[in-house]
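Residue-level structure breakdown
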Amino acid sequence: MRNNIFIVMGVSGSGKSTIGAKLAAALSLDFLDGDDFHPPENIAKMAAGIPLDDADRMGWLKKLNSKAIELKNTGAVFACSSLKESYRQMLCNDVNVNFVYLKGTYQEVFDRLSLRKDHFMPPALLKSQFDALEEPKNAITVSLLESPENIIIQIMQKINKKSFGLVGLGVMGKSLARNLARNNFSLSLYNRYVQGSEEKIAEKTIAEYPEFVNASGFEDLEAFVNDLETPRKIFLMIKAGKETDEFIDKIVPFMDKGDVLIDGGNSHFADTKRRIDYLQAKGIFFVGTGVSGGEKGALEGPSIMPSGPKEALDLVTPFLMKIAAKDKDHNPCCALIGPDGSGHFIKMVHNGVEYAEMQLLAEVYAYFRYVLKQNPEEISEVFHTWNQGKLKSYLLEITAKLLTKKEGDTYIIDQILDKAGNKGTGNWTTVTATEMGIPATMITAALFARYISTIKHNYLLELPSDSSEYKKLSISEIANAYEVARMVNHQQGFELIRTASETYNWELNLSEIARIWTNGCIIRSGLMEEISTIFEIKKDLFAAESFVDIIKSQKVDLKAFCMGSLSADLPIPTFTNALDFLNGIRNHTQTANIIQAQRDFFGAHTYQRRNDPSGKSYHTIWE
Ligand code: NDP
């Protein structure tokens, strides 16, 4: 984030004018003393010994800010106390500022001032400065006890340091690094060295892309860490799992207390909590962040979901907010999710919902292809039209596109082996949902559909297929069925998040989570925008009339879609699970009573009675 405006700050007597002037000389920039910008009324007040209040300072700060904007291209060094965060924010309006903080304790400043014949400050006045002081988090910080020469050396060293580090220049890491560079952050990039295969990756990456004007590349870990200003912010975009643990143990010996490691990989939320605790004991901050958007999103703006210790989040969010996608109101699709591994938790559920959203589209495709006998181009047309309306989503958009892609006369889709892979986040979501007692049945069904696709080739079963005909649905009826199934999928996913929030006391903001998923991420959609609004006032999507009305009027189409697909022997596990879920939560039939009776019969597990609202347990001698 280097630029040419510097503000040397600190309490009165910290030496900011001296250091400011020397720094300006070292950088060949003009020096301006903030005190010269006070309006006459402030000068009169100070001369009368009356302390300035916040209102007095506003005009002064605005004047300084205007001057900084005027000089931002040529550069300048200012000396200005800038004691409060709100003052610093005003000084940064429309201009990037490097703050240099001359740090010292009350006693240190007091002793310094006592030695200076020309400077007397009543102890009470100095104390009031310390009372007002809010230490800056992202400033170049130097001890005021050092000699001016040493202070300048230290500042110059830090100025030449990079503001952000990134490890792992694979698909995602490279794109995130380019995104950071496009946002004018100075970068240190690291990729591991593997003889013969992974050599000088970081240097080659920097040479390949013009945006890396202020970046240096490393394969020596210590040199990489030393290239960064402190507190260091290092983003890991490497393989999740034991590789991440091993890498943490390699890099931490070179890091200092107060530095931050950010894990952007798809790590399990429990691992993130464990790593936060492990590194906290060493004085290093750890932030786990979900990142969604794939390669293109990482480059152009992903959805970012960081969680961890608040102090660490404060240090890294200026970077993450800048590179994130923007929602419809131009706000960053990045929010501080909560403590522990909550960011990785919601990324995990995001991926689970993504599994089901993908599978739903695959099942809709199957109906068009095998029941309505449409070709991929015709199906693409329908999806394209749907994507102009309320069903709009990124996954619908890309599915419409991929269906038309051809190799010669053949659709590529027809050349792709019917065998789906996965990297584990759907599995984690399913395991977590079952552990928490949440019926995320559509995610589970989508995961198992992928598993079935990998084993079906082992079987040579020629199962009989009857040719029973069922009413063919219109395109709008199929759209209705698809809309309802998506609503059930989102309700299940958000219920899992809500339950985790309560279980772990994370206090997650569901509306904000949905908002940061309205752009940048893979499950962005028109529905997600509606969900964000619903969660501003409701805790559960099924408590929202707009949701329930659609489900009530369109469930009939969901049922018809399922019956039509099943009569054509199509596997549609996510659609049938959506329908089963809706039928399961209706009151008109009872089956759990049979389960309870069976459990009581063989295991004396007891049951509750309809005519006893106290919840008392009953047992029957069944034989
Ligand atoms: P890639 O396979 O493209 O890149 C992996 C990176 O990790 C490479 O730079 C690789 O280095 C490095 N790496 C692997 N093992 C080690 C190790 N033992 N020590 C140090 N570095 C290592 O993966 P992606 O970029 O796709 O994914 C990176 C992370 O981001 C993963 O955790 C993934 O789950 C997550 N993610 C991926 C998304 C995607 O859409 N692809 C979306 C969101 C998150 P080398 O090149 O030397 O092998």
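How each quantity is defined
Residues numbered from 1 in each chain as written. Predicted model: local features only at pLDDT ≥ 70, side-chain atom pairs only at ≥ 80, totals over all residues. Heavy atoms only, no water. UniProt positions renumbered as here; feature names shortened; annotations may be inferred. Core = buried A, V, L, I, M, F, W, Y, C linked by side-chain atoms within 4.5 Å. Buried < 20%, exposed > 50% of the residue type's maximum accessible area, 1.4 Å probe, protein only. Helix = DSSP H or I, 4+ residues; strand = E, 2+ residues; numbered from the N terminus. Contact = heavy atoms within 4.5 Å. Patch = residues over 30% accessible without salt bridge, like charges linked within 9 Å, V, L, I, M, F, W, Y side chains within 5 Å. Areas by Shrake-Rupley, 256 points an atom, 1.4 Å probe, with all protein chains shown as cover. Salt bridge = Lys/Arg side-chain N within 4 Å of Asp/Glu carboxyl O. Near = heavy atom within 4 Å. Polar contact = N/O pair within 3.5 Å; in protein donor to acceptor, adjacent residues only side chain to side chain. Nonpolar A, V, L, I, M, F, W, Y, C, P; charged D, E, K, R; others polar.

With an unreviewed UniProt entry as reference, the chain is termed 6-phosphogluconate dehydrogenase, decarboxylating, source organism Lacihabitans lacunae. Here the chain is described in UniProt, under the heading Subunit (unreviewed entry), as follows: "Homodimer." Here the chain is described in UniProt, under the heading Function (unreviewed entry), as follows: "Catalyzes the oxidative decarboxylation of 6-phosphogluconate to ribulose 5-phosphate and CO(2), with concomitant reduction of NADP to NADPH."

Some words on the nonpolar core
One finds Phe345, Phe383, Trp386, Phe494, Trp517 and Phe575 to be the most contacted residues of the largest nonpolar core, which totals 82 residues. Counting residues per element, this core draws most heavily on helix α15 (residues 342-371), at 15 residues. Setting aside its immediate chain neighbours within four residues, Phe345 contacts Phe269, Thr432, Met436, Leu496, Ile497, Ala500 and Trp506. Listed in part, the 44 residues of the second largest apolar core include Ile19, Phe37, Val77 and Tyr87.

Here we look at a nonpolar patch on the surface
A contiguous nonpolar patch, built from Ile452, Ile455, Tyr459, Leu461 and Leu463 and spanning about 550 Å² of accessible area, is present on the exposed surface. Relative to the elements of secondary structure, Ile452 occurs in helix α19 (residues 441-455).

With respect to the site of the ligand
Around the ligand sit 19 residues, and of these Val171, Met172, Arg192, Glu198 and Ile238 come closest. Contacts to the ligand include Arg192, whose side-chain N or O atom sits 2.8 Å from an oxygen atom. The backbone of Asn266 places a nitrogen or oxygen atom 3.2 Å from an oxygen atom of the ligand. Calculation on the ligand without its partners gives an accessible area of 900 Å², and the protein chains cover 75% of this total. Along the lines of polarity and charge, the residues of the shell around the ligand split into 8 nonpolar, 6 polar and 5 charged.

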